[in-house]
Amino acid sequence: MPLKWTKVLIADERYESASVFDVNNDGVPDIVSGAYWYQGPDFKTAHFIGEVMAVGEYFDDFSTIPLDVDGDGYLDFITGGWWGNTLRWRRNPGPAGGEWEEHVIAEVGNVETTRAWDIDGDGQIEVVPNCPGGPLTVFKLITDAAGKGTGRFTAHQIHPGPQGHGLGFGDITGNGRGDFILAGGWLEAPADPFQEEWRFHPDFQLGSASIPILVADVNGDGLNDLIVGQAHGYGLDWLEQGRDREGNRTWRRHPIDPFNAGFHDLMWVDIDGDGACELITGKRYRAHCGKDPGEADDLGIYYYKWTGESFAKQVIDYGPIREATGLGIAFAVADLRGTGRLDIVAPGKDGLYVFYNEGN
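Residues numbered from 1 in each chain as written. Predicted model: local features only at pLDDT ≥ 70, side-chain atom pairs only at ≥ 80, totals over all residues. Heavy atoms only, no water.

**Q** Explain the pairing of strand 18 (residues 185-188) here, please?
**A** Each regular strand carries side chains that alternate between the two faces of the sheet. Bridge count between strand 17 (residues 179-182) and strand 18: 3 bridges; the pairing is antiparallel. Bridging from a neighbouring strand, Ile181 pairs with Trp186 of strand 18. Examined bridge by bridge, strand 18 and strand 19 (residues 199-201) share 3 bridges and lie antiparallel to one another. Counterpart to Glu188 in the pairing with strand 19 is Arg199. (Pairing = 2+ DSSP bridges. Helix = DSSP H or I, 4+ residues; strand = E, 2+ residues; numbered from the N terminus.)

Take a look at the structure:
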């Protein structure tokens, strides 16, 4: 049976990124989005983080990645944006409260959004901005002898670029190493990701690809496939990895949802608790301020369940603009109430919402 959802408006704001983490170390998850964090468990109390640069309809804040950057035991977060041209972190002030001081990690150029993966397999996430016109660079937090963050990062260029619009990370080859997926192909990981060369394979063209491009074994054949949405156009597809008669790698494209647009952010998680992952995504409202194909279409948030043969679409929210809502550039999934079910935190230019998962 499809899941039931309760939709709650948290704030009538226009920030497009959100995350869930315990800001004040009280054991209760909080929501962090843009210039504010919202205190759990009811998220009714908003605490000011600091000003965020506004540019037209946008804010220069396209990710919210929690990480204890300075090693003080309180989670900070990392962000970046298109106009500021920088990757930045904001310091959690801890019990003292007050504004979160902003620190520049590096000048990187236009940031479409930023994601974090464990690139070198040491158990700690690295930060990777998607800079469409620039090189692919991984930023690694420098830690001390106790493994605590020092507030400083090292930069490791993986590919000279340009990256294109879209970025993913996962094991394409099956050798246990994480590879990078770009809009125009994929980068095969060497044994030492920060010292050796990554081999580029121009196997496909993914267009204005989502961030992330997901890597998952969709059909259970032992080969990892790709799931990609069109962030600034119509289409949501999966690319089936296979082999030809000579043993060469092949990619066969299958449509999931060709009739909707604006699939900017995707997640592959077990939303219904049956032990298998589902695809969660939705439309980013006014991604290019009315200039993209499909931007005037109805808004929606969906999850897609693999049936063994294809994806079955389940609607979480759908309808006209200002009645239904969509997903921004970086949404979050977390168990907000301790029910054992994953809820969805949906930021966007149409407001910050929580969709509580009521099960089926």
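**Q** Is there a simple way to think about the environment of His156 in this case?
**A** Structurally, His156 is set in strand 15 (residues 149-159). A relative accessible area of 18% places His156 in the buried class. Linking His156 and Glu112, residues 44 residues apart in sequence, is a C-alpha distance of 19 Å. The contacts of His156, once residues within four sequence positions are left out, are Leu136, Thr137, Val138, Lys140 and Phe194. A polar atom in the side chain of His156 sits 2.9 Å from the side chain of Thr154. (Buried < 20%, exposed > 50% of the residue type's maximum accessible area, 1.4 Å probe, protein only. Contact = heavy atoms within 4.5 Å. Polar contact = N/O pair within 3.5 Å; in protein donor to acceptor, adjacent residues only side chain to side chain.)

**Q** Is there a simple way to think about the packing of aromatic side chains in this case?
**A** Aromatic rings in a pair are described by how distant their centres are and how their planes are angled relative to each other. Enumeration over the complete set of coordinates arrives at 17 aromatic pairs. Residues Phe62 and Trp83 carry aromatic rings whose centres are separated by 5.9 Å and whose planes lie at 70° to one another, so their mutual orientation is edge-to-face. With Phe62 in the loop between strand 7 (58-59) and strand 8 (65-67) and Trp83 in the loop between strand 9 (76-80) and strand 10 (86-90), this pair connects stretches of sequence that are 21 residues apart. With a relative accessible area of 31%, Trp83 lands in the partly exposed category. Centroid distance Phe204 to Trp251: 5.6 Å. Interplanar angle 85°. Geometry classified as edge-to-face. Of this pair, Phe204 sits in the loop between strand 19 and strand 20 (214-216) while Trp251 sits in strand 23 (residues 249-255); the two residues are 47 residues apart in sequence, bridging distant segments of the chain. By relative accessible area, Trp251 is classed as buried at 17%. Each member of the aromatic cluster is reached from another via a ring pair, and the members are Trp117, Phe169, Phe180 and Trp198. (Phe/Tyr/Trp six-rings, centres within 6.5 Å; stacked < 30°, edge-to-face > 60°.)

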